[in-house]
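Close look at the chain arrangement
Given next are the chains, with one letter for each unit.
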Amino acid sequence: GYSTYWGNDPLGIDETIVTDPHFNPPELAKSDLVETRYLRVAPIDGAGNQGAWFTVATWRYDGTQPTAFTSVNNGGETTRSLYVTVQVRGEDTGSGVASMRFGSDGVRWTEWEPYARWQMWQMADITAQQSIYVQVRDRAGNVSQTHRATASVDLNVDRLASSDYRLATSVL
């Protein structure tokens, strides 16, 4: 037989002797916790002598949702370009942020891609305040709440003026 320990202590022991070759750990209540459990065993010979304890499995549960924060062009309110830089900051206390995705309406999304601190994004070809939606996903598959950043796109560049010259709007 052998003794088993299933718990949070990486050096935990238990005096219960098990002869069944299968171990069915009690189910953990799913929660928003980050938890680590250890399965440790110690063999027991026919004379009842117990051997050394050793860890045979480590199980990590990550029930926490990551968080996402984003800004456009370092927080600039107006852009004169359709192409902007989206800064992304994802945080996760459990398994770590693994991927991110983007959208312009919070409903349709790009494919998940590896997490990075920034991403180039093409805004719609209209002069208006526009939104970019971001979600991050951790290594356990938990997805953040949707975070939104906005920027005003102004494609109507002011015309240059001078008393010394005049710019034409068209040339025939």
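Below or above, wherever it landed, is the structure these notes cover. These numbers were taken from a predicted model, which means no experiment stands behind them.

Thresholds, definitions, all that
- Residues numbered from 1 in each chain as written.
- Predicted model: local features only at pLDDT ≥ 70, side-chain atom pairs only at ≥ 80, totals over all residues.
- Heavy atoms only, no water.
- Helix = DSSP H or I, 4+ residues; strand = E, 2+ residues; numbered from the N terminus.
- Contact = heavy atoms within 4.5 Å.
- Phe/Tyr/Trp six-rings, centres within 6.5 Å; stacked < 30°, edge-to-face > 60°.
- Pairing = 2+ DSSP bridges.
- Buried < 20%, exposed > 50% of the residue type's maximum accessible area, 1.4 Å probe, protein only.
- Axes fitted to C-alpha atoms, helices over the stretch in contact; angles between N-to-C directions.
- Core = buried A, V, L, I, M, F, W, Y, C linked by side-chain atoms within 4.5 Å.
- Salt bridge = Lys/Arg side-chain N within 4 Å of Asp/Glu carboxyl O.

1. Some details on the side chain of glutamine 130
- Along the chain, the position of glutamine 130 falls in strand S11 (residues 128-138).
- The contact partners of glutamine 130, leaving out residues within four places of it in the chain, are Met123, Ala124, Ala149, Thr150, Ala151 and Val153.

2. Things to note about the packing of aromatic side chains
- All told, the structure shown has 3 aromatic pairs when counted by the stated rule.
- Ring centres 6.5 Å apart and planes at 45° place the aromatic pair tryptophan 6 and tryptophan 59 in the tilted group. Here tryptophan 59 lies in strand S4 (residues 54-62) and tryptophan 6 lies in strand S1 (residues 2-7), a separation of 53 residues in the sequence.
- Consider the rings of tryptophan 59 and tyrosine 61, whose centres lie 5.7 Å apart with planes at 15°: the pair is stacked.

3. Focus on the sheet that holds strand S2 (residues 17-18)
- Reading across from one edge, S2-S1-S3-S4 is the order of the 4 strands in this open sheet, with antiparallel pairing throughout. Single-partner strands in this sheet number two, and they are S2 and S4.
- The sheet contact formed by strand S3 (residues 34-43) and S4 spans 8 bridges and is antiparallel. Bridged to arginine 40 within S4 is threonine 55.

4. Examining the pairing of strand S12 (residues 147-153)
- Of the pairings in the sheet, the one linking strand S6 (residues 78-79) to S12 comprises 2 bridges and is parallel in character. Paired with threonine 78 across the strands is serine 152, a residue of S12.
- Pairing geometry for S11 and S12, over 7 bridges, is antiparallel. Residue pairing across strands places valine 134 opposite histidine 147, the latter belonging to S12.

5. Quick notes on unusual backbone geometry
- Phi at asparagine 73 takes a positive value of approximately 45°, unusual for a residue other than glycine.
- Of note, asparagine 73 is situated in the loop between strand S5 (67-72) and S6.
- Asparagine 73 gets classed as partly exposed once you look at its relative accessible area, which sits at 28%.
- With a phi close to 55°, asparagine 74 is a non-glycine residue in the positive phi region.
- Take asparagine 74: it is sitting in the loop between S5 and S6.

6. Quick look at the sheet that holds strand S7 (residues 83-91)
- Ordered by their spatial adjacency, 3 strands build an open sheet running S5-S7-S10, and the pairing between neighbours is antiparallel. Because the sheet does not close on itself, it has two edges, and the strands there are S5 and strand S10 (118-122). Each adjacent strand pair in this sheet contributes to an overall mean axis angle of 30°, direction not counted.
- Direction of pairing for S5 relative to S7: antiparallel, over a ladder of 6 bridges. Paired with alanine 68 across the strands is glycine 90, a residue of S7.

7. Quick notes on the nonpolar core
- Residues Val84, Val86, Val88, Phe102, Trp121, Met123 and Ile132 are the most contacted members of the largest nonpolar core, which totals 17 residues.
- Contributions of two or more residues to this core are made by S5, S7, strand S8 (97-103), S11 and S12.
- Once residues within four sequence positions are removed from consideration, methionine 123 is found in contact with Leu82, Val84, Gln130, Ile132, Ala151 and Val153.

8. Describing the pattern of salt bridges
- This structure, assessed with the given rule, holds 4 salt bridges.
- The closest approach of N and O atoms between arginine 89 and glutamate 91, which form a salt bridge, is 2.9 Å.
- The salt bridge partner of arginine 108 is aspartate 105, with a shortest N-O separation of 2.8 Å.

In short, shape yes, function no, at least from these values alone.
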